[in-house]
Amino acid sequence: MKIYLDNSATTPLNPHVLEAMLPFFTDKFGNASSIHSFGREANRAVSEAREIIAECINARPSEIYFTSGGTESDNWALKGAVYVSKNKYKHIITTQIEHPAILNTCTELEKQNVEITYMNPSKEGMINPKELSNLITENTILTSIMFANNEIGTLQPIKEAATICREQSVLFHTDAVQAMDSQKIDVKELGIDMLSMSAHKFYGPKGIGVLFVKTGSRLGKLINGGEQERGLRAGTTPTPLIVGMAKALEISVRDREKNNQRILRLRNMFIDRVLSEIPYVYLNGNRENRLPNNVNLSFAFIEGESVLMRLDLAGIAVSSGSACASGSLEASHVILSLGVKEELAHSTIRFSLGVDTTEQQMDYVFNVLKKTVDDLRRMSPLYDYEKGIGSYV
Ligand SMILES: *Cc1c(COP(=O)(O)O)cnc(C)c1O
């Protein structure tokens, strides 16, 4: 049995999306910038895809810029805002719980003398937008707050944050990569100036993303070259990926309510069972205000990596920390920022459900998990199995 519960790392390609993409790898291979019929055919498909994606977030097609994915969109939003700013001193506000695509871009910009302020989340992983009013200075050019966290799934108060920024003439960017599949996002209603998304997080292909840039927002270039994407993002247009992204988002929006309801029910049943039947387990992130498919748990007295490997042997794919941070043995910056102690942070596992997840799968996962935690605790020097208590927490 193979069970995939790592949909926040990436999702499988929807077969209908693959079908829509295939002709653009073969017969319809033209360069979308060419003037002949091959080029016009590709260009038409790209224009249609741009319209579909714009409509899904209530933007204009001319506000949609294709990129290579979420990471490039995040880099572009931040660096582009810095490059074009005429301020002598430049200041950006973001949060401690952003994805490395934002955090490491900030580290890079700090080397270029950009000042960065990192907002702390609450214990439950929520950013308080009211703090923004005190943090914004005359040098602040941009605020970037993620729509939904990729590790603990918390949904941030984007509309409130965007409103405060607009009132103070500060650009507002959101990394919505994790949110696109399950949340209704209306950039006009929310007052967003820039938004990053990535197709492979909503059952589309890898290597394609979008940066939405509201008309009138000034943004410098990240990639220099030809005149693609209205001269702002060079590189031959990847027609098959763009067609696939639009198809995937169209399906995601169409099936959103149905999928959310089903996944939410499975997710809540799983959380309830784990919290009531396995001792010393802690749910990270606000219970209500989170993505419907996210479960993030810390299992005291044992290592998250050991749980992950045992589940993998049983055919279950989960994540310890985020895909980007695992591999390094450091505890997750997101879990630590909640005030969780380092030992407990190391025992963290993320389960991210998807459209293919079934109730039978979750029953099996629960049973394997319970046995795994039990076995590992028997071997843990930190846990007195006979007494059922540990030496810390
Ligand atoms: C996956 C992810 C990214 C990176 O997107 P890629 O398309 O893989 O580069 C950025 N931000 C968040 C929140 C993500 O989950």
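Model, not experiment: these values are computed from the prediction.

1. Side note on the overall build of the protein chain
Across its full length, the protein chain holds 12 helices and 14 strands. Whereas a compact globule of 393 residues would reach a radius of gyration of roughly 21 Å, the protein chain reaches 22 Å, a difference of no more than 12%. C-alpha atoms of the protein chain, sized along the principal axes, occupy 75 × 50 × 35 Å. The buried share of the protein chain, reckoned over its 393 residues, is 56%. Sequence separation of 24 or more characterises 73% of the internal contacts of the protein chain that already satisfy a separation of 6 or more. When the accessible surface of the protein chain is split by element, carbon and sulfur atoms take 51% of a total near 17,500 Å². In the protein chain, which carries 42 positive and 46 negative side-chain charges, the distance between the mean positions of the two groups comes to 3 Å.

2. Considerations on the site of the ligand
Taken together, 13 residues are adjacent to the ligand, and Thr 71, Asp 175, Gln 178, Ser 198 and Lys 201 come closest. One nitrogen or oxygen atom from the main chain of Gly 70 is found 2.8 Å from an oxygen atom belonging to the ligand. Within the contact set of the ligand, an oxygen atom lies 2.7 Å away from a side-chain nitrogen or oxygen of Gln 178. Looking at the shell around the ligand element by element, the count peaks at three residues for helix 3 (residues 70–84). Each residue belonging to the shell around the ligand can be placed in one class, and the counts come to two nonpolar, eight polar and three charged.

3. Section: the pattern of salt bridges
The full count for this structure, using the stated rule, is 14 salt bridges. Between Asp 193 and Lys 214 there is a salt bridge; the shortest N-O distance is 3.8 Å. Separated by 21 residues along the polypeptide, Asp 193 in the loop between helix 7 (187–190) and strand 7 (194–198) and Lys 214 in the loop between strand 8 (209–213) and helix 8 (239–277) bring together distant segments of the chain. Residue classification places Lys 214 among the partly exposed positions, given a relative accessible area of 34%. Ionic pairing is found between Arg 273 and Glu 277, a salt bridge with its closest N-O pair at 3.7 Å. Here Arg 273 and its partner Glu 277 are both found in helix 8, four residues apart, which amounts to about one turn of the helix. Judged by its relative accessible area of 28%, Arg 273 falls in the partly exposed class.

4. A short note on the sheet that holds strand 10 (residues 294–299)
Read across the sheet, three strands follow the order 9-10-12 without closing on themselves; strand pairing throughout is antiparallel. The sheet terminates laterally at strand 9 (281–283) and strand 12 (348–352), the two strands that pair on one side only. Between one strand axis and the next, the sheet turns through 25° on average, direction left out of account. Strand direction decides the pairing type here: strand 10 and strand 12, joined by five bridges, are antiparallel. Residue pairing across strands places Val 295 opposite Phe 351, the latter belonging to strand 12. In this fold helix 12 (residues 359–379) packs onto strand 9, strand 10 and strand 12, with an angle of close to 20° to the strand it touches most, strand 10.

5. Let's talk about the packing of helix 8 against helix 12
Between helix 8 and helix 12, whose axes approach to 10 Å, the crossing angle comes to 20°. Here helix 8 is positioned roughly parallel relative to helix 12, judged by the angle of their axes. Taken as a pair, helix 8 and helix 12 cross one another with a handedness that is right-handed. Listed contacts from helix 12 to Arg 265, Leu 266, Met 269, Phe 270, Arg 273, Val 274 and Glu 277 of helix 8 are Glu 359, Met 362, Asp 363, Val 365, Phe 366, Asn 367, Leu 369 and Lys 370. Each residue belonging to the contact of helix 8 with helix 12 can be placed in one class, and the counts come to eight nonpolar, one polar and six charged.

6. A look at the layout of surface pockets
Estimated volume of the largest pocket: approximately 370 Å³. Surrounding the largest pocket, 31 residues form its lining, Asp 181, Phe 202, Tyr 203, Asn 259 and Val 355 being those nearest its centre. Within the residue set of the lining of the largest pocket, elements represented by two or more residues are helix 1 (15–21) and helix 8. Across the lining of the largest pocket, the residue classes tally to 15 nonpolar, 11 polar and five charged. Per-domain counts for the lining of the largest pocket show at least three residues from each of domain 1 (3–7 + 256–380) and domain 2 (15–252).

7. What to know about helix 8
When the terminal C-alpha atoms of helix 8 are compared, their 50 Å separation across 39 residues is substantially less than the 57 Å that a helix rising 1.5 Å per residue should span. At Arg 256, helix 8 shows its maximal kink, close to 65°.

8. Let's talk about the domain arrangement of the protein chain
Taken domain by domain, the protein chain holds domain 1 (3–7 + 256–380) and domain 2 (15–252). Counting residues at the interface gives 24 residues for domain 1 and 29 residues for domain 2. Between domain 1 and domain 2 lies a buried interface of about 2,200 Å² when both sides are counted; carbon and sulfur atoms form 51% of it. Ranking the residues of domain 1 by area buried against domain 2 places Arg 256, Leu 291 and Leu 338 at the top, with a combined share of 30%. Counting every contact that joins domain 1 to domain 2 gives zero salt bridges. Across the domain 1-domain 2 interface, the total number found is 14 residue pairs in polar contact (both at pLDDT 80 or more). If one sorts the elements of the side of domain 1 that touches domain 2 by residue count, helix 10 (residues 333–337) sits on top with four residues. Of the residues assigned to the side of domain 1 that touches domain 2, the class counts are seven nonpolar, 14 polar and three charged.

Thresholds applied
- Residues numbered from 1 in each chain as written.
- Predicted model: local features only at pLDDT ≥ 70, side-chain atom pairs only at ≥ 80, totals over all residues.
- Heavy atoms only, no water.
- Helix = DSSP H or I, 4+ residues; strand = E, 2+ residues; numbered from the N terminus.
- Rg over C-alpha atoms; globule rule 2.2 N^0.38 Å.
- Buried < 20%, exposed > 50% of the residue type's maximum accessible area, 1.4 Å probe, protein only.
- Contact = heavy atoms within 4.5 Å.
- Areas by Shrake-Rupley, 256 points an atom, 1.4 Å probe, with all protein chains shown as cover.
- Lys, Arg positive; Asp, Glu negative; His and termini not counted.
- Charge placed at Lys NZ, Arg CZ, Asp CG, Glu CD.
- Near = heavy atom within 4 Å.
- Polar contact = N/O pair within 3.5 Å; in protein donor to acceptor, adjacent residues only side chain to side chain.
- Nonpolar A, V, L, I, M, F, W, Y, C, P; charged D, E, K, R; others polar.
- Salt bridge = Lys/Arg side-chain N within 4 Å of Asp/Glu carboxyl O.
- Pairing = 2+ DSSP bridges.
- Axes fitted to C-alpha atoms, helices over the stretch in contact; angles between N-to-C directions.
- Parallel < 35°, antiparallel > 145°, perpendicular 65-115°, else oblique.
- Left-handed = near helix turned anticlockwise from the far one by under 90°.
- 1 Å grid on protein atoms, 1.4 Å probe; cavity = no way out; pocket = protein on both sides within 12 Å on 5 of 7 lines; lining within 4 Å.
- Points joined across faces, edges and corners; volume = space filled by probe spheres on them.
- Domains from an automatic or database assignment.
- Expected span 1.5 Å × (residues − 1).
- Bend = angle between axes of the 7 residues up to and from the residue.
- Buried area = accessible area lost by both parts, 1.4 Å probe.

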